[in-house]
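# A closer look at the structure
Residue-level listing of the chains:
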Amino acid sequence: MKRRGLRDPLLVTTDGAGGLVRAVDESFPRSERQRCLFHKMRNLQTKVPETVWPEFKDHARACYQAPSIELARSLKGDVVKRYERELPTAVHCFVEDFDACIAYLRFPLNHRRSIRTTNLLERLFEEERRRTKVIPHACGERPLMKLMFAATIRASEHWRGIRTTPFDRQQLEMIRKELTEAFKKRHAATNRNAP
């Protein structure tokens, strides 16, 4: 992207893999990182007993899908108080990377549903796996790139575009300015602390 002169994306949605998180932080320092909520909920489910899961899931979802970041953080405190003694492992998982789980709440309302998970990308990976199973001789980078490009084109025919109004564009520009300012402050602090 950078070699083609494109700016950092405003938001990058990832799962919780440490290497990927680090790569995004290093490659796109002016971007917000969103933790895939589908993956996060699946991780939480493994740490909560089945009998308690429906209730815990509702509380977690209320936080992740709150109308604002401030309300999400407030609801997070309620979840921690309610479950920290009974389910310490689940609560640790819940609070871990919480800000990345609610990063998408900064963005326009009509964009939020599309940017909170990696499901669209995951479906594309499934298509790639399905195709490479039936075409085992498609080894090597070039044939796989062709295959993925074709799968992306085919899949994109069914993707619905995100409608962006002039107001949404204004919001996105303000978010870009805020992210750039935050980057400059971090960069300036790093330079001041350097010997």
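Residues numbered from 1 in each chain as written. Predicted model: local features only at pLDDT ≥ 70, side-chain atom pairs only at ≥ 80, totals over all residues. Heavy atoms only, no water.

## Remarks on the overall build of the protein
Looking only at helices and strands, the protein has ten helices and two strands in total. Secondary structure of the protein in N-to-C order comes out as β-α-β-α-α-α-α-α-α-α-α-α. Counting only contacts in the protein whose residues sit at least 6 apart along the sequence, the fraction spanning at least 24 positions is 61%. About 13,500 Å² of surface is accessible on the protein, with carbon and sulfur atoms providing 54% of the total. (Helix = DSSP H or I, 4+ residues; strand = E, 2+ residues; numbered from the N terminus. Contact = heavy atoms within 4.5 Å. Areas by Shrake-Rupley, 256 points an atom, 1.4 Å probe, with all protein chains shown as cover.)

## Thoughts on the side chain of D8
Counting through the fold element by element, D8 comes out in the segment before β1 (11-14). Since its relative accessible area comes to 8%, D8 is described here as buried. Looking at D8, its side chain comes within polar contact range of the main-chain nitrogen of R30, at 3.3 Å. (Buried < 20%, exposed > 50% of the residue type's maximum accessible area, 1.4 Å probe, protein only. Polar contact = N/O pair within 3.5 Å; in protein donor to acceptor, adjacent residues only side chain to side chain.)

## Focus: the pairing of β1
Two elements, β1 and strand β2 (residues 32-35), share four bridges in a ladder whose sense is parallel. Across the sheet, the residue bridging to V12 is R33, located in β2. (Pairing = 2+ DSSP bridges.)

## Points about the pairing of β2
The alternating pattern of β2 places E32 and Q34 and R33 and R35 on opposite faces, both of which are buried. In the classification by handedness, the crossover that spans β1, the intervening helix α1 (residues 18-27) and the parallel β2 is right-handed. (Right-handed = clockwise from strand over helix to strand, strands pointing away.)

## Examining the pattern of salt bridges
One pass over the full model with this rule turns up nine salt bridges. A salt bridge links D97 to R33, with the nearest nitrogen and oxygen atoms 2.7 Å apart. On the criterion of sequence distance, the pair formed by D97 in the loop between α5 (88-95) and α6 (98-101) and R33 in strand β2 is long-range, its members being 64 residues apart. Between E181 and K184 there is a salt bridge whose closest N-O contact spans 4.0 Å. Of this pair, E181 and K184 both sit in helix α10 (residues 166-193), three residues apart, which is roughly one turn of that helix. For E181, a relative accessible area of 42% translates into the label partly exposed. Judged by relative accessible area, K184 falls into the partly exposed class, the value being 48%. A cluster of three or more residues bridged by salt bridges with shared partners is formed by E32, R106 and E178. (Salt bridge = Lys/Arg side-chain N within 4 Å of Asp/Glu carboxyl O.)

## Points about the packing of helix α4 (residues 69-83) against α5
Interhelical geometry of α4 versus α5 gives an angle of 165° and a closest axis separation of 9 Å. As far as their axial angle goes, α5 and α4 are roughly antiparallel. Pair α4 / α5 crosses with left-handed handedness. Where α4 approaches α5, its residues K76, V79, V80 and Y83 are matched on the opposing element by P88, V91, F94 and V95. The residue makeup of the contact of α4 with α5, split by class, is seven nonpolar, no polar and one charged. (Axes fitted to C-alpha atoms, helices over the stretch in contact; angles between N-to-C directions. Parallel < 35°, antiparallel > 145°, perpendicular 65-115°, else oblique. Left-handed = near helix turned anticlockwise from the far one by under 90°. Nonpolar A, V, L, I, M, F, W, Y, C, P; charged D, E, K, R; others polar.)

Everything listed is a geometric property; what it means functionally is a separate question.
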